[in-house]
Amino acid sequence: MLQKQTLADLTNPNTIKQNANCVVMVPPKEFSFNSETARDNEFQQGIALPAEELKSSVMAEFESMVTQLRSAGIQVIVLDYQLDAEATPDAVFPNNWFSTNSEGDLFTFPMACENRRREVRLDELREALEMSGRHVNSHTSFEHYYQHGAYLESTGVMIFDHINRTIYAALSQRCDRDVLEQFAEQAGYHRVVSFQTVLPSGRPVYHTNVMLAIGERFCVICDEVIPQYERTFVLKSLAKDKQIISISLEQMNAMCGNVLQLESVNGEKLIAMSQTAYNAFTQAQLNQLASHGRLLPLDVTTIETVGGGSVRCMLGEVFLPARSKYL
């Protein structure tokens with residue numbers, strides 16, 4: 001249990017932090033291959049497992065991940081929910097429908113796939129956050145953009161450099177430029193770096209967070225999927241105060257771009273990633289990453305194979321102020 005441990009700087013609203021020490025995770029109670037998202041998510045793969053065996057496997061991966069994060073000093077809020085008539089097979093990836101900031105603002109976003117919109121459980125989220133000592137001051141919804149056929153899948157498509165108040169985003173069906181810029185203006189981000197991506201199939205990367213991760217002093221990027229005329233600009237922008245760790249297309253496909261720097265309640269820097277990603281990094285890259293925080297490989301092989309998302313996708317960061325400086 002994370003009790004009597006100081007939340008460094010969290011009660012100071014003027015402190016801008018890059019890394020969260022609290023995350024929301026949603027159990028994969030209805031997890032399955034989502035044929036709707038597979039239309040543009042090339043990372044998804046069907047596997048021949050009976051339904052009960054699949055459910056058992058993904059629940060074990062989820063519970064192990066929760067335990068390991070808590071043991072590392074991360075506050076994990078498990079957002080459970082009641083089953084409904086219509087399933088939510090991708091509920092385990094909550095980072096696509098909400099985000100928070102240190103001013104106490106909660107934002108919810110429009111998702112492209114219709115069966116994913118049922119994942120938005122605002123009342124349950126607010127209750128879980130409040131019960132965990134995190135205070136929501138206001139809620140802003142961008143979901144009205146559904147009527148315009150425009151989507152913005154939160155931290156799936158927006159990679160935040162909080163310290164420099166900059167958003168990096170790969171444009172796609174799931175990341176509309178106009179909604180992106182509207183959000184940036186409302187949330188107080190002064191700069192948006194949006195760019196195209198092209199996979200060998202000719203299609204764009206479905207989510208930015210599979211090809212780009214930004215920490216306090218480093219970034220992991222698969223820059224080869226960015227067209228040359230934009231690549232130089234993106235890399236130059238990132239290199240101003242970040243060590244660039246460039247990964248190959250093969251490493252991106254192994255989820256090396258889907259990592260997340262976190263901070264324990266005691267201030268220790270951690271870098272969460274899947275075991276698949278850890279195994280795919282070179283030793284030199286692992287050494288570079290380890291200079292920015294303790295590496296935390298987590299085995300979510302079944303979830304990332306079938307769901308097409310990995311560790312970062314499973315973590316909804318919570319930057320909301322705490323009512324107490326202790327947990």
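Higher on the page you've got the structure.
This report concerns the structure included in the present document. Here the structure is a predicted model, which means the values were calculated and not measured. (Residues numbered from 1 in each chain as written. Predicted model: local features only at pLDDT ≥ 70, side-chain atom pairs only at ≥ 80, totals over all residues. Heavy atoms only, no water.)

**With respect to the sheet that holds strand β7 (residues 166-170)**
- In space, the 3 strands of this open sheet follow the order β6-β7-β8, with mixed pairing throughout. Two strands in the sheet have a free side with no partner beyond their single neighbour: β6 (158-161) and β8 (191-195). Looking at each pair of strands side by side, their axes are set apart by 20 degrees on average, direction ignored.
- In this sheet, β8 lies alongside β7 in parallel orientation, the contact comprising 5 bridges. Considered in β8, the bridge of alanine 169 is made with serine 194.
- Running over the sheet, helix α5 (residues 228-238) touches β7 and β8 and is turned about 145 degrees from β8. (Pairing = 2+ DSSP bridges. Helix = DSSP H or I, 4+ residues; strand = E, 2+ residues; numbered from the N terminus. Axes fitted to C-alpha atoms, helices over the stretch in contact; angles between N-to-C directions. Contact = heavy atoms within 4.5 Å.)

**Considerations on the packing of aromatic side chains**
- Using the criterion set out here, one finds 10 aromatic pairs in the structure.
- Plain terms: the ring middles of phenylalanine 160 and tyrosine 189 are 5.0 Å apart, the flat faces sit at 40 degrees to each other, and that makes the pair tilted. Here tyrosine 189 lies in the loop between α4 (177-187) and β8 and phenylalanine 160 lies in strand β6, a separation of 29 residues in the sequence. The burial state of phenylalanine 160 is the same as that of tyrosine 189; both residues are buried.
- The rings of Phe107, Phe109, Phe142, Tyr145, Phe160, Phe183 and Tyr189 are connected pair by pair, giving a single aromatic cluster.
- We note lysine 29 situated over the ring of tyrosine 81; from NZ or CZ to the ring centre the distance is 4.6 Å.
- Looking at arginine 121, its charged tip hangs above the ring of tyrosine 81, at a distance of 3.7 Å from the centre. (Phe/Tyr/Trp six-rings, centres within 6.5 Å; stacked < 30°, edge-to-face > 60°. Buried < 20%, exposed > 50% of the residue type's maximum accessible area, 1.4 Å probe, protein only. Lys NZ or Arg CZ within 6 Å of the ring centre and 35° of its normal.)

**Here we look at the nonpolar core**
- Core analysis: the largest hydrophobic core is formed by 36 residues, its most contacted members being Tyr168, Met211, Leu212, Val220, Val225, Phe281 and Leu289.
- Counting residues per element, the ones that place at least two in this core are β7, β8, β9 (212-214), β10 (218-221), α5, α6 (249-253), β13 (269-274) and α8 (283-290).
- Examining the composition of this core, we find that 4 residues originate from one element, β10, more than from any other.
- In contact with leucine 289, other than residues within four places in its own chain, are Phe218, Val220, Ile245, Ile271, Met273, Phe281 and Leu295.
- In this structure, Met65, Val66, Leu298 and Val306 belong to the second largest nonpolar core, which totals 27 residues. (Core = buried A, V, L, I, M, F, W, Y, C linked by side-chain atoms within 4.5 Å.)

**A look at the side chain of aspartate 223**
- Among the secondary structure elements, aspartate 223 is positioned in the loop between β10 and α5.
- It turns out aspartate 223 is buried and unbridged, and the closest side chain with the opposite charge, arginine 231, is 4.5 Å from it.
- Non-local contacts of aspartate 223, meaning those with residues more than four positions away in its chain, are made with Arg231, Leu235, Ser246 and Ile247. (Lys, Arg positive; Asp, Glu negative; His and termini not counted. Salt bridge = Lys/Arg side-chain N within 4 Å of Asp/Glu carboxyl O.)

**Looking at the pattern of salt bridges**
- Applying the stated criterion across every chain, the model contains 12 salt bridges.
- Of the charged contacts, one joins lysine 29 and aspartate 80 as a salt bridge, the two residues approaching to 2.8 Å between their closest N and O atoms. In this pair, lysine 29 is assigned in the loop between β1 (22-25) and α1 (51-71) and aspartate 80 in the loop between β2 (75-78) and β3 (98-100), connecting sequence segments 51 residues apart.
- We classify lysine 29 as partly exposed; its relative accessible area is 24%.
- Given the relative accessible area of 45%, aspartate 80 is considered partly exposed.
- Where glutamate 119 meets arginine 116, a salt bridge forms, and the shortest distance between an N and an O atom there is 2.7 Å. Residues glutamate 119 and arginine 116 agree in their burial class; the two are buried.
- Each of Lys17, Glu216, Glu263 and Lys269 takes part in a single network of salt bridges with overlapping partners.

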